[in-house]
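# Reading the structure
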Amino acid sequence: MERSPVEGSSPGPGPGAREPPSEPPDPGSGGPGAAGEVLAVLTSFGRRLLVLVPVYLAGAAGLSVGFVLFGLALYLGWRRVRDEKKRSLRAARQLLDDEERLTAKTLYLSHRELPAWVSFPDVEKAEWLNKITAQVWPFLGQYMEKLLAETVAPAVRGSNPHLQTFTFTRVELGEKPLRVIGVKVHPSQRKDQILLDLNVSYVGDVQIDVEVKKYFCKAGVKGMQLHGVLRVILEPLMGDVPIVGAVSMFFIRRPTLDINWTGMTNLLDIPGLSSLSDTMIMDSIAAFLVLPNRLLVPLVPDLQDVAQLRSPLPRGIIRIHLLAARGLSSKDKYVKGLIEGKSDPYALVRVGTQTFCSRVIDEDLNPQWRETYEVIVHEVPGQEIEVEVFDKDPDKDDFLGRMRLDVGKVLQAGVLDDWFPLQGGQGQVHLRLEWLSLLSDAEKLEQVLQWNRGVSSRPEPPSAAILVVYLDRAQDLPLKKGNKEPNPMVQLAIQDVTQESKAVYNTNCPVWEEAFRFFLQDPRSQELDVQVKDDSRALTLGALTLPLARLLTAPELTLDQWFQLSGSGLNSRIYMKLVMRILYLDSSQICFPAGPGAPGSQDADSESPQTGSSVDTPTRPCHTTPDSHFGTENVLRIHVLEAQDLIPKDRFLGGLVKGKSDPYVKLKLAGRSFRSRVVREDLNPRWNEVFEVIVTSIPGQELDVEVFDKDLDKDDFLGRCKVSLTTVLNTGFLDEWLTLEDVPSGRLHLRLERLTPRPTAAELEEVLQVNSLIQTQKSGELAAALLSVYLERAEDLPLRKGTKPPSPYATLTVGDVSHKTKTVAQTAAPVWDETASFLIKKPHAESLELQVRGEGTGVLGSLSLALSELLGADRLCMDRWFGLTNGQGQVLLRAQLGVLVSQHSGVEAHSHSYSHSSSSLSEEPELWGGPPLVTSSAPELRQRLTHGDSPVEAPVGPLGQVKLTVWYHNEERKLVSLVHSCRALRQNARDLPDPYVSLSLLPDKNRGTKRKTSQKKRTLNPEFSERFEWELPLDEALRRKLDVSVKSNSSFMSRERELLGKVQLDLADMDLSQGAAHWYDLTDDKDKGSS
């Protein structure tokens, strides 16, 4: 059968196929358009006719209707599958077109789900630490099993008579280790510590089972979750392995803790534990991990001040004035919500574990609380002030909102008064926050008490001081009846505030090592009551009442000693360290409002403040807030005297001839190195050189000393030794012969002295004169003072190109020593918080130079501070804003000077006096490097040094006078002469002379014995301060005469010298063991001088 051309060549499209749009027909030619339409109609009719063909064939074949229905069902199923595929393709195409939107919506649902190192750029990943933790985790489990079985279980059994059969039956830490999500390192102001914040997460399969056999009780832990930020402090940093002295760990804020208990109901049925609950146990565990509780792990034995590391002094106190709130949401509903009421608000104020609750204000959306709380701040940055507002209800209180504020902002502002918006609700809360610094100056107490009298505070009056009690241990406490060992604990009370220590079981020599803190309203009249009791509280083992006024007269307001217990045994005593600090609010930072005008000023909360309040917007700080360790550095003076029995290293003629050595000494301390001069061909050399270095009180520091033989190629090793600075820093002085190690023979003589800066200029002149006596010809000029500088911040620095802020840094320079601060990026008000220390040789002549520079922009401003201004300041300290020259802006810095008074040089200043009155001398009046035996008494030496320039003196001779110091240096075996100055010289010509001093030892007049000072231009009162030495034995020096001539050049073109006067000193008639300065009358060439 032949097919028609239409059917065979162009089959019609299948069902559902999209036909291309036809072009509009041309109205001028109707043939082709009409034929196309007819063809389409016929094709559509043919397709529908084909659908009836299966029905016709079934009827012709005599089949039933079921076959037709079955075929129709197959066709409909095929159409449904095809339509489903099309819908899937359209959805896939839509997902592909909008991939970024769908990914952000489905994958990153919440920013909180991201780890901290993604959310915060200064938090770093710590996968390497997690790998180490995973490796160590099984071994940590073995340690925990041993710790719980051998240490914790006996302590639990001894703590409660009902738990005497307590045991751990199973201890497994599981296979899931603790993970560190991120690590943040904080820049610390202190140089001896490192601050780390670890974002930890632990979802573990730990399993610990316990059993109390007496009560047939079994309980345990099966699974635990812990999430939070753990702060780790590495301090103190030391100069010896392991570099870190101890590790402190704690959570700044309460972590999220979830423990899956097993058998908890059985455990709480035990007598003595029935008062506890699951929630109370969880709260106790969580609070144990939060400040002020710390976990201290010492890394070195005999670590000093362990108690202070475990419970350091607070950084400060914040006085929180909870004033009011406004715009709170209404939560009370009546008549099933048809009538809207108000709220009954109250506030919870929380800093760490310190929590305060305000009173409830009924039916008020703008409550006025006006309450004051004082909180202890331990860590800055890190701790937060959190205020939550609730609506009081009979069943469950409704949440109205919260605010959080980092305490670091309060520290920077000093006084912060503002309305803070509530998060999670509506409205604002009004707080006034005041930062109280901790001072060890008892003179500030009266000022603080007077200030507090004008402060309205409830529910408690404002505090004037804080007392920290470090409870260490007790000895020889009395036994209980039947000679049983007691279980001592301590109750400490001040007025109506009582705190208790833990109980130490079965000992009469307990060790507590705990710290307690008390706020004091008036320490002049308050007392600390200490009761040592047995843990049953029925038996008192001893008592102590301590008036706190004793602390006001103690050095640094600190008592660190044993205290005898009353009502106890003869030898019963307790060891405590009590530290008091005055709570000082800088009144210069407090402003009072000039008048209304601020938003909300018409509220009742904006009424004029009383005396002592601070309710205006905070101004910039007027004084710096350095770390408590600022200005506590000391200066170590190292005197390298001599050595003996060094080994010879020089060889000649190929080693056939043995020579000597050319020794010198290398010193290393606190990152600095010093080197002595070389003494040629001497196995018993004498150096007599002095070096000075700034040191801190970090324990474990050592002075490394090495002796070498100087050679042309490589220096030979002659021995080494190490000196621990612990003794020097504690006692202040060390003079020893040290045996050189790693060599057959040799020893070295060193003398070390710690110089503590004193904030008084009363004895500066004496120190300068003594330094001129003890310095040697080879050593540099000795330091007379220590300058400590704390650079906090700058403000109003000039902008780059008028609009862009600079990236400033600062350089501090004194002489040839400089310190560069960090660079703060793109700000006109940088905060540096950096310290620097400088050794000062001549405080009257030196100055502190400060330059503020910008990265790539040059000098932004400079400051020159003459140290002579510090000498006239109170306690040699200036703490304020300084204007910058050569630009705009100001810097806030603290500069304090401390005079370095040697306790072993015959000079000792009064620590509490500023006058030039005579004071007691050290028991060792000998001078550094001077004779070991001094014949004159200490008061005589004091009078020479103090009153050498006294105006009550003999009249000056007609030719003037010269001031000399002549003495014999036994250590170096040298005759030493110091030419200080001349006065009232004679003027022979019309012009003033150009004087200098010439010295020679008679009877020799050769060049070897002549010395000459520098020449001073046009003056009758020249100042020289120059030192000269002659090497000769003492017996020979006593046979000599010292000829001193003051001369001047006659003219510029002439070599003639004009004699202004002279004096001859017979050394045999002088006491050369004393280094005293005297004025000598000048005479002409024929007469002798007189003193």
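Described in the following lines is the structure provided in the data block. (Residues numbered from 1 in each chain as written. Predicted model: local features only at pLDDT ≥ 70, side-chain atom pairs only at ≥ 80, totals over all residues. Heavy atoms only, no water.)

### Structural notes on helix α11 (residues 445-453)
Regarding α11, the residues found buried are L445, V448, L449 and N452. What you see down the axis of α11 is that its buried residues fit within an arc of 100°, all on one side. Seen from the buried face of α11, the exposed residues on the opposite side, beyond 90 degrees, are Q450 and R453. In the core, the buried residues of α11 are packed alongside β8 (316-326), α12 (549-552) and β25 (573-584). (Buried < 20%, exposed > 50% of the residue type's maximum accessible area, 1.4 Å probe, protein only. Helix = DSSP H or I, 4+ residues; strand = E, 2+ residues; numbered from the N terminus. Arc of directions from axis to C-beta. Contact = heavy atoms within 4.5 Å.)

### Quick notes on the packing of aromatic side chains
Tallied over the full model, the rule gives nine aromatic pairs. On the basis of an interplanar angle of 25° and a centroid distance of 5.8 Å, the ring pair of Y346 and F390 is categorised as stacked. Remark: F390 occurs in strand β14 (residues 384-391) and Y346 occurs in strand β11 (residues 345-351); sequence separation between them is 44 residues. Here F356 and Y373 contribute two aromatic rings whose centre-to-centre distance is 5.0 Å and whose plane-to-plane angle is 20°, an arrangement assigned as stacked. Here the residue F356 occupies a position in strand β12 (residues 354-357), and Y373 occupies one in strand β13 (residues 368-377), the gap between them amounting to 17 residues. An aromatic cluster is present here, built from Y346, F390 and F399 joined pairwise through their rings. The ring of W419 carries the charged tip of R326 above its face, separated from the ring centre by 3.8 Å. Here R675 stacks its cationic end above the ring of Y664, 4.0 Å away from the centre of that ring. (Phe/Tyr/Trp six-rings, centres within 6.5 Å; stacked < 30°, edge-to-face > 60°. Lys NZ or Arg CZ within 6 Å of the ring centre and 35° of its normal.)

### Quick notes on the sheet that holds strand β33 (residues 716-724)
Ordered in space as β30-β29-β32-β33, the four strands form an open sheet in which the pairing is antiparallel. Across the chains shown, the open sheet's two edge strands, defined by having one partner strand only, are β30 (672-675) and β33. For this sheet the average axis-to-axis angle between neighbouring strands, irrespective of direction, equals 20°. Here strand β32 (residues 702-709) pairs with β33 via eight bridges, running antiparallel. Its bridge partner lying in β33, D704 is registered against K722. (Pairing = 2+ DSSP bridges. Axes fitted to C-alpha atoms, helices over the stretch in contact; angles between N-to-C directions.)

### A short note on the pattern of salt bridges
Inspection of the entire model under this criterion finds 34 salt bridges. The closest approach of N and O atoms between R1040 and E1036, which form a salt bridge, is 2.9 Å. With relative accessibility at 11%, the residue R1040 sits in the buried group. Bridged by salt links that share partners, the residues R350, E384, E386, E388, R402 and R404 form one connected network. (Salt bridge = Lys/Arg side-chain N within 4 Å of Asp/Glu carboxyl O.)

### A look at the sheet that holds strand β26 (residues 634-644)
Taken together, the four strands give an open sheet; going across it, the order is β31-β26-β35-β34, and neighbouring strands pair in antiparallel fashion. One side of each edge strand has no neighbouring strand; the edge strands of this open sheet are β31 (686-695) and β34 (733-739). Sheet twist, expressed as the average angle between the axes of neighbouring strands with direction ignored, equals 20°. Pairing between β34 and strand β35 (residues 747-755): seven bridges, direction antiparallel. If you follow L738 over to β35, its bridge partner there is L748.

### Examining the nonpolar core
If you look at the biggest cluster of nonpolar residues, it comprises 38 residues, and the most contacted ones within it are L467, L492, L528, I574, M576, L578 and M580. Per-element tally for this core: the top contributor is β25, with six residues. Excluding residues within four positions of it along the chain, L528 makes contact with V469, L492, A493, I494, L544, T545, L546, L548 and L578. One finds A784, A785, L797 and A810 within the second-largest nonpolar core, a separate group that totals 36 residues. (Core = buried A, V, L, I, M, F, W, Y, C linked by side-chain atoms within 4.5 Å.)

### So, the side chain of E642
Structurally, the position occupied by E642 is in strand β26. With residues near it in sequence (within four places) discarded, E642 still touches P685, R686, W687, W737, R747, L748, H749 and E971.

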